[in-house]
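The primary structure of each chain is shown beneath.
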Amino acid sequence: MKVHKILELRKTAKKKIKDFKIKQFHEVILVRGTLPLSILEEKVNDWIVEKTTKEYILDKTEEKALKVITLNNEAGNSLEILNFGAAILGFKMNDKRGEEVNVIVSPHSKEYLSPVYKEHNKCFGASVGRYAGRIANGTFTLDDKEYKLSTKNGVHLHGGESGFQYKFWEVGEEKSAPNPSVKLSYTSEDGEENYPGKLEVSVLYTLTENNEILIEYSAKTDKKTVVNITNHAYFNLNGKGSVSDHFLQIEAEKILEVNEELLPSGNLTKLKKHPKNFNESKLIGNRSLDDAFVLRSGKDEVAARLFSPLTGIKLEVESNQPALIAYAPEDLPEDLNYRTEIADEYPSICLEAQNFPNAPNFRNFPVALLKPGEEYYNRINYRFSVSK
């Protein structure tokens, strides 16, 4: 078993490291004698990251500023939060066999600082804003004034080139078990990405003793502005491979109609006979998803359920938001180093609770406006359990 794993690790390292040397690999795996497989794998992955990232980390000051906050609950599970992008870096729990599984797909922490990470704009586990999702032509109007945002291919996506996912968030109060938590904050100045208003944002991550990842986003502004913040975690309840064997259910009756650029037309389509109707639990299979589902409730009831028969791990998503974006990419960038083994096809799925994409430009969509004296609040609860 261990020999087989070492051969796998060697194969992975050889594939990713251009100047791979077998002597160096042996030094990594033998330097501290016999180690448990989990620690050995972590050491090799760290070595791969060191060998492949040192060429493109441009700012050593930023590298030193990276901080991972680990929350451990009394149930023995751990949640890792990265201060860059206020991102969920990992969540480790035991599956039905009692084996530890990391259900979050993400690169190693140093990768977040690389130009490659920003180029792909995949926002791994990050807190996305000021406006998550797409805004058509990068424009919206407030009080008869048009605001022009940065665009790529005619679309403003996830807050633009300097969205919240590319910022260092200030780490605030940390609390230990039971129900450990950490609060992070960021101030988006008036005019950042040409959004109006100074926006003070915070996120409180709590890992409950019931194995819930409770995320609470809050924001206040000094001018009228538009706000839509969400978490962009990539899930794989197997801890590796593909999510094609996962079952998905979404509590929605309608889906947003979109064009080829995935921009909403303003119309809501009933799901009854739609090919992406997940009202009943359905195998994801080899099915790409990037769709906005209109939730039935939006009142902290279960919005979606994800289940892996292999590990017995179940994820339930609750939120106070009107929509859930289900995003299951066909693949993920090959030029990043991941903390888990990923499949070549359908390696993960995101379940993002938020407002409708392009809501500032449609009167029939939920209001995305935030005024001075008001508070934006998005509550997302990722609840995990295991079926034996």
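Further up the page is the structure itself.
Below is a short write-up of the structure. (Residues numbered from 1 in each chain as written. Predicted model: local features only at pLDDT ≥ 70, side-chain atom pairs only at ≥ 80, totals over all residues. Heavy atoms only, no water.)

### Considerations on the pattern of salt bridges
Considering all chains together, one arrives at 16 salt bridges under this definition. Between E80 and R339 there is a salt bridge whose closest N-O contact spans 3.0 Å. Of this pair, E80 sits in strand β2 (residues 78–82) while R339 sits in the loop between β23 (323–328) and β24 (350–354), and the two are 259 residues apart along the sequence. On the basis of relative accessibility, which here comes to 11%, the residue E80 falls in the buried class. (Salt bridge = Lys/Arg side-chain N within 4 Å of Asp/Glu carboxyl O. Helix = DSSP H or I, 4+ residues; strand = E, 2+ residues; numbered from the N terminus. Buried < 20%, exposed > 50% of the residue type's maximum accessible area, 1.4 Å probe, protein only.)

### Here's the deal with the nonpolar core
Counting residues in hydrophobic clusters, the biggest one holds 57 residues, and the most contacted among them are I250 and F384. In terms of residues, this core owes the most to one element, strand β12 (residues 199–207), which gives five residues. Excluding residues within four positions of it along the chain, I250 makes contact with F278, N279, F293, L295, A303, A304, L324 and A326. In this structure, L66, F84, C123 and L332 belong to the second largest nonpolar core, which totals 22 residues. (Core = buried A, V, L, I, M, F, W, Y, C linked by side-chain atoms within 4.5 Å. Contact = heavy atoms within 4.5 Å.)

### Comments concerning the sheet that holds strand β26 (residues 376–386)
One open sheet accounts for nine strands, arranged β10-β11-β12-β13-β26-β22-β21-β16-β19; its pairing is antiparallel. On the outer flanks of this sheet lie β10 (170–175) and β19 (282–283), each paired with one strand and no other. (Pairing = 2+ DSSP bridges.)

### Remarks on the packing of aromatic side chains
Applying the stated criterion across every chain, the model contains 19 aromatic pairs. Centroid distance F164 to W169: 6.2 Å. Interplanar angle 80°. Geometry classified as edge-to-face. Across the pair, W169 and F164 agree in class, each one buried. Cluster of aromatic residues (ring-pair linked, three or more members): Y112, Y117, F124, Y166, Y234, Y327 and Y338. Sitting above the plane of the Y166 ring, K118 keeps its charged end 5.1 Å from the centroid. Directly above the ring of F278 sits K282, whose terminal nitrogen or CZ lies 5.2 Å from the centroid. (Phe/Tyr/Trp six-rings, centres within 6.5 Å; stacked < 30°, edge-to-face > 60°. Lys NZ or Arg CZ within 6 Å of the ring centre and 35° of its normal.)

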